[in-house]
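Structure assessment
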Amino acid sequence: MSSAAGKRRALPSAFPVLDLPLKPIHQSVFEANLRNSNACRKKYTEFSEKLKEGGGKNAIARHTQRNRKLLVRDRLRLLLDDEDFLELSPFAGLGLPYGDIPSAGCLTGIGRINGLWCVFIANDATVKGGTAYPITVKKQLRAQEIAIQNRLPCVYVVDSGGAFLPLQSEIFPDKNQGGRTFYNEAIMSAMKIPQVSVVCGSCTAGGAYIPTMAEEAVMVHRIGTIFLGGPPLVKAATGEEVTPEELGGATLHSEVSGCVDHFALEEKEAFDYTRNIISTLNFKLPEEEEETEKRKAEEETLYSSDELVGLAPKEYNYSLDVKLVVSRLTDGSRFQEFKARYGTTLVTGFAKIHGHLVGIVANNGELTYQAALKGSHFVQLCDQRDVPLLFLQNTAPTAAEINSNRLKAQGSMMSAVACASVPKITVVIGGCHGADSYAMCGRAFEPNFLFLWPNARVSVTAPGHAGSLLPHNSEQEEEQEKQEEKLNRRLKEESSAFFSSGRLWDDGVILPQDTRKVLRDTLDIIKQQQYQLSTGKMQSALLRI
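Our subject in this report is the structure included herewith. (Residues numbered from 1 in each chain as written. Predicted model: local features only at pLDDT ≥ 70, side-chain atom pairs only at ≥ 80, totals over all residues. Heavy atoms only, no water.)

1. Some points on the pattern of salt bridges
Just so we agree on the cut-off: The working definition used for a salt bridge is a side-chain nitrogen of Lys or Arg within 4 Å of a carboxyl oxygen of Asp or Glu. We count a stretch as a helix when DSSP gives it H or I for four or more residues in a row; a strand needs E for two or more, and each element gets its number in order from the N terminus. Burial classes follow relative accessibility: with a 1.4 Å probe on protein chains only, a residue under 20% of its type's maximum area counts as buried, one over 50% as exposed, and anything between as partly exposed.
One pass over the structure, following the stated rule, counts 24 salt bridges. For Glu49, the salt bridge is made with Lys52, and the minimal N-O distance between the two is 3.6 Å. With a gap of 3 residues between them, Glu49 and Lys52 both fall in helix H2 (residues 27-52), about one helical turn apart. You can call Lys52 exposed: its relative accessible area is 61%. Ionic contacts of the salt-bridge type, sharing partners, join the residues Lys69, Arg75, Asp159 and Glu267 into one network.

2. A closer look at the nonpolar core
General note: in soluble globular proteins, nonpolar side chains tend to be found buried as a group. Applied cut-off: In plain words, nonpolar cores are sets of buried Ala, Val, Leu, Ile, Met, Phe, Trp, Tyr and Cys residues tied together by side-chain atoms within 4.5 Å. Here, two residues are considered to be in contact whenever any of their heavy atoms come within 4.5 Å of each other.
Ranked by size, the top nonpolar core spans 56 residues in total, and within it Ile110, Val119, Val325, Ile360, Leu392 and Phe449 carry the most contacts. In terms of residue count, the dominant contributor to this core is helix H20 (residues 515-527) (5 residues). Every residue in contact with Ile360, bar those within four places of it in the chain, is listed here: Val326, Thr330, Phe335, Val347, Thr348, Gly349, Ala351, Phe378, Leu390 and Leu392. Of all hydrophobic cores here, the second largest spans 27 residues; its members include Leu107, Val218, Ile223 and Phe271.

3. Here's the deal with the sheet that holds strand E11 (residues 356-363)
In plain terms, the rule: Pairs of strands are assigned from DSSP output, requiring at least two bridges between the strands. As a rule, the C-alpha atoms of each element are fitted with a line to give its axis, helices using only the stretch in contact, and angles between N-to-C directions run from 0 to 180 degrees.
Strand order in the open sheet made by the 6 strands is E9-E10-E11-E12-E13-E15, with mixed pairing throughout. Every other strand in the sheet has two partners, leaving strand E9 (336-338) and strand E15 (449-452) as the edge strands with one partner each. Across the sheet, the mean angle from the axis of one strand to that of its neighbour is 20°, orientation sign disregarded. Sheet topology note: the E9/strand E10 (residues 346-353) ladder contains 3 bridges and is antiparallel. Bridge assignment links Glu337 to a residue of E10, and that residue is Gly349. In the packing of helix H15 (residues 369-385) onto the sheet, the strands contacted are E9, E10, E11 and strand E12 (389-393), and the crossing angle to E10 comes to about 30°.

Here it is in structure tokens:
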């Protein structure tokens, strides 16, 4: 990157201001939404507090006192520049059929190391001894997917006891299960996406391949071990008694096998090594003065982001004009609307969020024929101009009567979204139902990031609308009503944001008032890949050790 390129500036813009204060006519809906949001916030806080306990007091005492290890969040404090990191899917693992697995047994997220955004995957050994459950594997794979999609360096903080054997059929055999982790490591290395592993606990069975396939590995003396089968297996197979340190400790792997590159006497030293390794990566970040000037030039929103709490709809019928939401997210509440008078149930246009130019696609009613055509046009326009897309999703609770024109237009918008090569971020601010959610870049359409507000609902149809899915039978009305009521109860339970996040159908539940900050971080993260100097894929010689 030349010095001239570093000094380039964006084109000046004077987008119109969305001067949309809350009016008396909005008051009753706003207050109803506010009460619902406060109830959701209470649940959010309860789950957050539960996650901080990890595997419980006894497990924490055993981890810190007997095993003399640092807790996972203490490790992250040593690794990252600060505690202002973007945690991914913190509620994953809650409410599963096989029990609660707090944070799926591992913390994943994106934080700065020496100023560089990096993905981290850190096992929490206080949760089931670091054992990997199916949801653990799914969470790790999602973190790797984010690293690949956004070309982010990846740091593995390994302290794992291997797979949970009673659920091995859901962990081992399939394409997107345990083995995919190692496949991804190889692919990331080929793509020149740096990977570093810190071994500060057990690396048993399949987990032993994580540090050995990373580009550089650091290992902590006495507490770090790498082996396929531990001392009990050795004794059962050969009758020989051996200590974990002799079988696969840091001394053996740094002096004999060569599996690790850096020997650390304690955890702090290991994370110092890791930070130094990250500093060797070939990135050229903008100067601090340039970043400071950019932040100073940003405009705050005209209205407080705290008002978003009352704009989060408790139900679809409580949705206010989505431009009220947009005006509380964009710099200076400015928004250059596209096709303002056509297909008005979909709002599209350009805005800046913390200085980043984005194209916004927001539901403002049903996705009609005209709205879908408009959306398709705008998505292709943003793709043509390399402008990232932000989808604010609040789809209709059930499929409306649909004709062939509308079906074709929605198919056209789905194609445009699927084929757009620009970064895409989706925030579900209300409902995520039916085929409309696909056109609005739902999970299946691979957005770079997808977040839910706590009030969000994710299901094929909204609770209370199950009747639209059942065939009408006038001869068995009573039986049909019972079936409908049962299905509505199930929809209410299974459509909540926390049910969704527990199964990792998203990248986390975020509070409405934090949305602007989360969008700033994700846009910064997405932009970072342009600062990597060596991205070209070249044919490399076969490396043998």
